[in-house]
Protein chains: 2
Amino acid sequence: MELSFATGNRNKVKEASAVLERFGISINQSPLRKIEIQSGDLVEIVEYALSHLCMEANNLVVEDDGLFVNSLNGFPGPYAAYAYSTIGVRGLLKLMQGVAGEERRATFKSVVGACVGGRRFIVEGAVDGVITEEPRGSSGFGFDPVFSPLGGGRTFAEMSIEEKSRYSHRALAFSRLAERLLKEGAL
Amino acid sequence: MELSFATGNRNKVKEASAVLERFGISINQSPLRKIEIQSGDLVEIVEYALSHLCMEANNLVVEDDGLFVNSLNGFPGPYAAYAYSTIGVRGLLKLMQGVAGEERRATFKSVVGACVGGRRFIVEGAVDGVITEEPRGSSGFGFDPVFSPLGGGRTFAEMSIEEKSRYSHRALAFSRLAERLLKEGAL
């Protein structure tokens, strides 16, 4: 079974692949581009993207994720990629100056959608953590160097892809997708 | 001549109205909702919205705007509304701490699109200014209290709607729309 992932981000394909291979599913990068609407709700964003892409392709996967920082009322949310490319890690840490302890809590969320055999699947994954005081590590991408899942101590950027594929929001969502596809006999 | 403005923001309708009435055009708020895609390019956002709405309605107007701060690499850009509702004016000023003089330059941009008589029009307006050190004034909305157009000294929030309708990016775009519609006999 092979799925195509409509994303411009190669890192996401690598992360999805590390998870799905455990279920005997392979995934490659699709040249199709998804339409992303502006919304604070990741499910709404993924549903809209699917509604267009499912007309063009089968065995197709899309994903959207966001970083929701409690003390910033959910900023940068679904716009994490734009925030990263403009204010960057440095900007996020500046916004968090003077914010301490529990107040540094944040959640990384991932929503994965798929069209397989004429059916649509939407699953979610979320992981709670904290925004660290300083960036640490060089793996991953985006805000990974300042996000540390609860209980771990290390940031996503301090983990290998294999390790991140056991802990991350995206890994959780892709695991759930694989389980659903297998359980419902869609593969 | 009456146009309908597909926006959830009443303040934008008021501002557009203050400009268009000088040209003998009235504008009301439309219940239609525009689809906003994620993009750093306001023209692309407006073109996509028009491509859907023009199938449903005539004499319809949409607008999208953004605040592009130089020292923040264009942040918050088209996502100014989300940034405002999460980190707010306080967050923007925090990001600008230690940024002085010329480095505080920013541009407010507005892109207005219309479907009139089966034709599409897209016009732009932009105004350069600075992000002030502190919020000032209570008119307008969003980041108006911290944006002061060059040469003026006062912020948008220190101006009445009538005054803002002479200086703002949105006023400029709506003036250009009226001029195009009149010049090309679309009304």
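This report concerns the structure included in the present document. In this numbering scheme, every chain counts its residues from 1 along its sequence in written order. Chain letters start at A and ligand numbers start at 1, both assigned in the order the entries are written. Only residues with pLDDT of at least 70 are given local features in this predicted model, and only at 80 or more are side-chain atom pairs given and counted; all residues enter the totals for whole chains, interfaces and linings. Only hydrogens and water are removed before side-chain values are computed, so all heavy atoms of the structure are retained for them.

1. So, the environment of Ser148(A)
All names here are of chain A. Note the threshold: We count a stretch as a helix when DSSP gives it H or I for four or more residues in a row; a strand needs E for two or more, and each element gets its number in order from the N terminus. Three labels apply to residues, based on accessible area from a 1.4 Å probe with only protein chains included: buried if under 20% of the type maximum, exposed if over 50%, partly exposed otherwise in between. Polar contacts, as counted here, are pairs of nitrogen or oxygen atoms within 3.5 Å of one another; within protein the pair requires one atom able to donate a hydrogen and one able to accept it, and residues that are adjacent in sequence qualify only if both atoms are side-chain atoms.
Tracing the backbone shows Ser 148 in strand β7 (residues 147–149). By relative accessible area, Ser 148 is classed as buried at 4%. Each C-alpha atom, one on Ser 148 and one on Arg 120, is 32 Å from the other, the two residues being 28 residues apart in sequence. A distance of 3.5 Å separates a polar atom in the side chain of Ser 148 from the backbone oxygen of Gly 153. At 2.9 Å, the side chain of Ser 148 and the backbone oxygen of Arg 154 are in polar contact.

2. Some details on the interface of chain A and chain B
Basically, it comes down to this: In what follows, residue pairs with any heavy atoms lying within 4.5 Å of each other are defined as contacts. We define buried area as the total accessible area lost by two parts upon association, computed with a 1.4 Å probe and summed across both. The salt bridge definition used is simple: a Lys or Arg side-chain nitrogen within 4 Å of an Asp or Glu carboxyl oxygen. All amino acids are sorted into three groups, where Ala, Val, Leu, Ile, Met, Phe, Trp, Tyr, Cys and Pro are nonpolar, Asp, Glu, Lys and Arg are charged, and the leftover types, Gly among them, are polar.
With 28 residues of chain A in contact, the opposing surface of chain B contributes 29 residues. Both sides of the chain A and chain B interface together cover about 2200 Å² of buried area, and 56% of this is carbon and sulfur. It is Gln38(A), Tyr82(A) and Lys94(A) in chain A that bury the most area against chain B; as a group they hold 30% of the surface buried on that side. In this structure, the connection of chain A to chain B is made through 0 salt bridges. Between the two partners, chain A and chain B, sit 13 residue pairs in polar contact (both at pLDDT 80 or more). Residue assignment for the side of chain A that touches chain B shows that the elements contributing at least two residues are α2 (42–53), β4 (76–77), α3 (80–86) and α4 (88–95) of chain A. The element that contributes the greatest number of residues to the side of chain A that touches chain B is α2(A), accounting for 4 residues. By residue class, the composition of the side of chain A that touches chain B is 14 nonpolar, 10 polar and 4 charged.

3. Observations regarding helix α2 (residues 42–53) of chain B
To keep it simple, the criterion reads: Helices are assigned an expected span. That span is 1.5 Å times one less than the residue count.
In this model α2(B) runs 17 Å from its N-terminal to its C-terminal C-alpha over 12 residues, within 8% of the 16 Å that 1.5 Å per residue would give. Residues of α2(B) that are buried: Leu42(B), Val43(B), Ile45(B), Val46(B), Tyr48(B), Ala49(B), Leu50(B) and Leu53(B). Buried residues in α2(B) make contact with α2 of chain A together with β1 (2–6), β3 (60–69), β5 (105–116) and β6 (119–131) of chain B. Among the residues of α2(B), the N-terminal cap falls to Asp41(B), whose side-chain oxygen and the backbone nitrogen of Val43(B) are separated by 3.0 Å.

4. Here's the deal with the state of the cysteines
Residue and element names in this part refer to chain B. This is how the line gets drawn: To count as a disulfide, a pair of cysteine sulfur atoms needs to be within 2.5 Å.
Enumeration according to the criterion identifies 2 disulfides over all chains in this entry. Cys 54 shares a disulfide with Cys 115; S-S distance 1.9 Å. Torsion about the S-S bond of the Cys 54 and Cys 115 cystine: about -75°, corresponding to left-handed handedness. Of this pair, Cys 54 sits in the loop between α2 and β3 while Cys 115 sits in strand β5; the two residues are 61 residues apart in sequence, bridging distant segments of the chain. Cys 115 carries the same exposure label as Cys 54, and that label is buried.

5. Some remarks on the packing of α4(A) against helix α4 (residues 88–95) of chain B
The relative placement of two packed helices comes down to the angle between their axes together with the axis-to-axis distance. For clarity, the threshold we go by: Angles run from 0 to 180 degrees between N-to-C directions of axes, and those axes are lines fitted to C-alpha atoms, restricted for helices to the stretch in contact. For classification purposes, angles smaller than 35 degrees are called roughly parallel, those larger than 145 roughly antiparallel, those between 65 and 115 roughly perpendicular, and all remaining angles oblique. With the far helix as reference, a near helix turned anticlockwise by less than a right angle produces a left-handed crossing, and one turned clockwise produces a right-handed crossing.
Between α4(A) and α4(B), the shortest axis-to-axis distance is 9 Å and the interhelical angle comes to 120°. Accordingly, the angle class assigned to the pair α4(A) and α4(B) is oblique. Along this stretch, α4(A) crosses α4(B), giving a crossing that reads as right-handed. When α4(A) is examined against α4(B), the residues Gly91(A), Lys94(A) and Leu95(A) are found in contact with a partner set consisting of Gly91(B), Lys94(B) and Leu95(B). Across the contact of α4(A) with α4(B), the residue classes break down as 2 nonpolar, 2 polar and 2 charged.

6. Looking at α2(A)
Two residues of an α-helix separated by three or four positions point the same way, owing to the 3.6 residues in each turn. Considered for burial, the residues of α2(A) that qualify are Leu42(A), Ile45(A), Val46(A), Tyr48(A), Ala49(A), Leu50(A) and Leu53(A). The secondary structure elements touched by the buried residues of α2(A) are β1 (2–6), β3 (60–69), β5 (105–116) and β6 (119–131) of chain A together with α2 of chain B.

7. Overview of the packing of aromatic side chains
Put simply, the test is: Two rings from Phe, Tyr or Trp (for Trp, the six-membered ring) form a pair when their centres are within 6.5 Å of each other. A pair whose planes differ by under 30 degrees is stacked, one over 60 is edge-to-face, and the rest are tilted.
Overall, the coordinates contain 14 aromatic pairs over all chains when judged by the stated rule. Centroid distance Tyr79(A) to Tyr79(B): 4.4 Å. Interplanar angle 20°. Geometry classified as stacked. Linking Tyr79(A) in the loop between β4 and α3 with Tyr79(B) in the loop between β4 (76–77) and α3 (80–86), this pair reaches from one chain into another. Accessibility classification places Tyr79(A) together with Tyr79(B) in one group, the buried group. Summarising the aromatic geometry, the rings of Tyr84(B) and Phe143(B) are spaced 5.5 Å apart at their centres and angled 85° between planes, so their arrangement reads as edge-to-face. Of this pair, Tyr84(B) sits in helix α3 while Phe143(B) sits in the loop between β6 and β7 (147–149), placing them 59 residues apart in sequence.

8. Quick notes on the relation of the copies chain A and chain B
Heads up, the rule is: We superpose the copies by least squares over the C-alpha atoms of residues that have a pLDDT of at least 70 in both of them.
When chain A is fitted to chain B, the residual RMSD is 0.0 Å, and the transformation amounts to a turn of 180° plus an axial shift of 0.0 Å. The symmetry that links the two subunits is that of a two-fold axis. Judged by C-alpha distance, Ile37(A) is the residue of chain A that lies nearest the rotation axis, at 1.9 Å. Taken as a fraction of all interface residues of chain A, those also at the interface in chain B reach 100%, which identifies the copy contact as same-surface.

9. Some remarks on the pairing of strand β2 (residues 26–30) of chain B
Residue and element names in this part refer to chain B. Selection criterion: Two strands are said to pair when DSSP picks up at least two bridges between them. Place the viewer so that the strands point away; then a crossover is right-handed whenever the path from the first strand over the helix to the second strand goes clockwise.
With 5 bridges joining them, β1 and β2 adopt parallel strand pairing. Directly across from Ser 4, in β2, lies its bridge partner Asn 28. Read from β1 through helix α1 (residues 10–20) to β2, the crossover connection turns out right-handed.

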